[in-house]
Amino acid sequence: KGPDPDLVAIAERMSTVKHKILVLSGKGGVGKSTFSAQLSFALAGMDHQVGLMDIDICGPSMPKMLGLEGHEIHQSNLGWSPVYVEENLGVMSIGFMLPNSDEAVVWRGPRKNALIKQFLKDVYWRDIDYLVVDAPPGTSDEHISIVQYLQATGIDGAIIVTTPQEVSLIDVRKEVSFCKKVGVPVLGVVENMSGLSQPLADVKFMEIGSSVDVTQKVISCLRENAPELLNVLACSEVFDSSGGGAERMCREMGVPFLGKVPLDPQLCKAAEQGKSCFEGNNKCSVSAPALKSIIQK
Ligand code: ADP
């Protein structure tokens, strides 16, 4: 029996891609897509040629996170063309193929696997330095397929995104063990939403009980008497990380810990608007430096 023709086609397509990075998470909602999007913006900002492939088939968020809603994929004789956010940043997502973003994709495993295979076989990425693959949460069928298809052409490794609390870390351990079983190197773990940090001046008040009034009075007092203190970062722990969070888990499991990214309202806004958090009007004073230092590792 000869080689699998699909694998041959994928290997040929992937021969123009230098590095392939999988972004994984144990749970949904921990910021995996936000990280994938910002990682791609950062790499593109360093003048690399970057492709971002969103294979979160049931919850494709890339069109929105990159400000590309309503765009469509075009086909040429070279294959499917990604949608370009910038000249050196192309994106492929099933989100571009759905009639509207409210449409649910109710597919069983084999159909999802077929689409992933098609994405890998048919998308024409040009010569790129990095392909960032935003995978669905968990360790499902799709993960096994993507690993299987990509492994033939070499995967650099996986970055796992988590929040600090134990419920999320339990699933990260599974994710690490999945990577070890299938032979994908874990490039490292990112702890996202690791506390809330923002300049005092940006603290917004919500009407919850009477504690608001006290905080508001403190801030007004600072505004009048010591405005320079308004630039000081107000940091607070949101999730319980008394167990040592992701950093300790990484030590225990022998995988690299890449760093912490705080919950940052500016990052949330950048993601909502589909913008890079590193430059322009959406530059995030708190989370961008944290993300930069992680990406440089
Ligand atoms: P996942 O891909 O893991 O399901 P998302 O990346 O879609 O998670 O993030 C879920 C929500 O949390 C999004 O609205 C995103 O903008 C927001 N978010 C993610 N990380 C942060 C952060 N560090 N600070 C503020 N908001 C964040």
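For clarity, every value in this text was computed on a predicted model and none was experimentally measured.

Within the span of helix α9 (residues 265-272), buried status applies to Leu-267, Ala-270 and Ala-271. One side of α9 holds all its buried residues, which, seen down the axis, span an arc of 100°. Where α9 is buried, its residues meet α2 (32-45), α3 (62-65), β11 (257-263) and α10 (287-296). Remark: Gly-274 follows α9 within two positions and exhibits a positive phi of approximately 70°.

If you check the shell around the ligand, you find 16 residues, and the closest are Gly-29, Lys-32, Ser-33, Thr-34 and Asp-264. At a separation of 2.5 Å, an oxygen atom of the ligand approaches a polar side-chain atom of Thr-34. The fraction of the free accessible surface of the ligand (560 Å²) that becomes covered by protein chains is 82%. Looking at the shell around the ligand, the elements that each hand over two or more residues are α2, β9 (186-199), β11 and α9. A breakdown of the residues in the shell around the ligand according to their chemical character gives 8 nonpolar, 6 polar and 2 charged.

Right, let's talk about the packing of aromatic side chains for a bit. Any pair of aromatic rings gets described here by the distance separating the centres and the angle formed by the planes. Within this structure, the stated rule accounts for 1 aromatic pair. Plain terms: the ring middles of Trp-80 and Phe-119 are 5.9 Å apart, the flat faces sit at 85° to each other, and that makes the pair edge-to-face. With Trp-80 in strand β4 (residues 79-81) and Phe-119 in helix α4 (residues 109-122), this residue pair connects regions lying 39 residues apart in the sequence. As far as the burial class goes, Trp-80 and Phe-119 line up, both buried.

Take the side chain of Thr-34 next. The topology assignment puts Thr-34 in helix α2. A residue is classified by how much of its surface remains accessible, and Thr-34, at 17% relative accessible area, is buried. Once residues within four sequence positions are removed from consideration, Thr-34 is found in contact with Met-65, Leu-267 and Ala-271.

A few words on unusual backbone geometry. Excluding glycine, most residues fall at negative phi; most peptide bonds, likewise, are trans. Look at Asp-47: it is not a glycine, yet its phi comes out positive at around 70°. Mapped onto the secondary structure, Asp-47 falls in the loop between α2 and β2 (50-54). A relative accessible area of 66% means that Asp-47 is categorised as exposed. Here the phi dihedral of Arg-126 falls at roughly 65°; this positive angle occurs in a residue that is not glycine.

Right, let's get into the nonpolar core. Among the nonpolar cores identified, the biggest contains 79 residues, and Leu-22, Phe-35, Met-53, Phe-119, Leu-120 and Ile-146 are the most heavily contacted of them. When residues in this core are grouped by element, the largest group, 7 residues, is from α2. What Leu-120 contacts, discounting residues up to four positions off in sequence, is Ile-10, Arg-13, Met-14, Met-53, Ile-146, Tyr-149 and Leu-150. Listed in part, the 5 residues of the second largest apolar core include Ile-219, Leu-222, Ala-226 and Leu-230.

Scoring rules and cut-offs
Residues numbered from 1 in each chain as written. Predicted model: local features only at pLDDT ≥ 70, side-chain atom pairs only at ≥ 80, totals over all residues. Heavy atoms only, no water. Buried < 20%, exposed > 50% of the residue type's maximum accessible area, 1.4 Å probe, protein only. Helix = DSSP H or I, 4+ residues; strand = E, 2+ residues; numbered from the N terminus. Arc of directions from axis to C-beta. Contact = heavy atoms within 4.5 Å. Near = heavy atom within 4 Å. Polar contact = N/O pair within 3.5 Å; in protein donor to acceptor, adjacent residues only side chain to side chain. Areas by Shrake-Rupley, 256 points an atom, 1.4 Å probe, with all protein chains shown as cover. Nonpolar A, V, L, I, M, F, W, Y, C, P; charged D, E, K, R; others polar. Phe/Tyr/Trp six-rings, centres within 6.5 Å; stacked < 30°, edge-to-face > 60°. Core = buried A, V, L, I, M, F, W, Y, C linked by side-chain atoms within 4.5 Å.

These results come straight from atomic positions and should not be treated as a statement about function.
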